[in-house]
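Next come the chains, spelled out residue by residue.
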Amino acid sequence: KKGYCHIWQKYKDLTFEHIPPHKAFNYISARSIEGDDVLKLMTDENRMPWETTGLKYKSNQRGMGMHSLCQKCNNLTGKYYGNEYIKFANTIHLLFPQIKEKIKDKRPQVAGIQINGINPLLFAKQVLSMFCSTCPNITKKDPEIIDLLMNKDKKGLDTKKYKLYMFLLNEYKIGYT
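Keep in mind it's a predicted model, so treat the numbers as computed, not measured.

A closer look at the overall build of the protein
Turning to step 1, where the next piece is worked out: The helix and strand inventory of the protein stands at 5 helices and 5 strands.
Turning to step 2, where the next piece is worked out: Element order for the protein, N to C, with α for helix and β for strand: β-β-β-α-β-β-α-α-α-α.
Turning to step 3, where the next piece is worked out: The proportion of buried residues among the 177 residues of the protein is 34%.
Turning to step 4, where the next piece is worked out: Pairs at least 24 apart in sequence give 74% of the contacts found in the protein among residues at least 6 apart.
Turning to step 5, where the next piece is worked out: As presented, the protein carries roughly 12200 Å² of accessible surface, and 54% of it is formed by carbon and sulfur atoms.

A word on the side chain of glutamate 84
Turning to step 1, where the next piece is worked out: Examined against the element boundaries, glutamate 84 turns out to sit in helix α2 (residues 71-102).
Turning to step 2, where the next piece is worked out: Not counting the four nearest positions on each side in its chain, glutamate 84 is found in contact with Gly117, Ile118, Asn119, Leu122 and Phe123.

Details of the pairing of strand β2 (residues 11-18)
Here is the key point about a regular strand: its side chains alternate between the two faces of the sheet.
Turning to step 1, where the next piece is worked out: Where strand β1 (residues 2-4) meets β2, 3 bridges bridge the pair, whose relative direction is antiparallel. The partner of glycine 3 across the bridge, within β2, is lysine 12.
Turning to step 2, where the next piece is worked out: Between β1 and the antiparallel strand that follows it, β2, lie 6 residues; glutamine 9 among them carries a positive phi value of about 65 degrees.

Things to note about the nonpolar core
Turning to step 1, where the next piece is worked out: Ranked by size, the top nonpolar core spans 16 residues in total, and within it Cys5, Ile7, Cys73, Leu149 and Met150 carry the most contacts.
Turning to step 2, where the next piece is worked out: When residues in this core are grouped by element, the largest group, 5 residues, is from helix α5 (residues 144-150).
Turning to step 3, where the next piece is worked out: Excluding residues within four positions of it along the chain, isoleucine 7 makes contact with Leu69, Cys73, Thr77, Cys132, Thr139, Ile146, Leu149 and Met150.
Turning to step 4, where the next piece is worked out: With 12 residues, the next largest nonpolar core counts Ala24, Phe88, Ala89 and Val127 among its residues.

Cut-offs used in this document
- Residues numbered from 1 in each chain as written.
- Predicted model: local features only at pLDDT ≥ 70, side-chain atom pairs only at ≥ 80, totals over all residues.
- Heavy atoms only, no water.
- Helix = DSSP H or I, 4+ residues; strand = E, 2+ residues; numbered from the N terminus.
- Buried < 20%, exposed > 50% of the residue type's maximum accessible area, 1.4 Å probe, protein only.
- Contact = heavy atoms within 4.5 Å.
- Areas by Shrake-Rupley, 256 points an atom, 1.4 Å probe, with all protein chains shown as cover.
- Pairing = 2+ DSSP bridges.
- Core = buried A, V, L, I, M, F, W, Y, C linked by side-chain atoms within 4.5 Å.

Shown next, in the form of structure tokens:
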């Protein structure tokens, strides 16, 4: 497929970008909810964002992802940052039963965890590259992100402008907006 690479913003052949990476438990058939049904998730006051029962979906046999990056960007971000994300996902997968046991209550709670042996900058860069894949105009609005992603040794963005938060779900779901 041809289109604009969501990082470089140049018209190129696009490769399939797994979101999250293939080895981060994204290798089985997945269902994506699109169009009006996504709006139902965002606007229905009686439905939590992860409650997808009854919504139409598209089956993705290769896992979740899309044709969004040129081969150079896909290979480079995968090579530089993908392994940190995969290590993080595998660690969370192993820790999750312990976290789940500590939080038996169904209400949202805060859980502190410490993970050693993972480079948080490389992990954050993988997350940012996935944001670029799902939101095609990020690097148009802030070209500094291109340099950050394409230069493995470059550090940081403006912390007044950017923050990274995450949450865990009590069941297996992959989602992106």
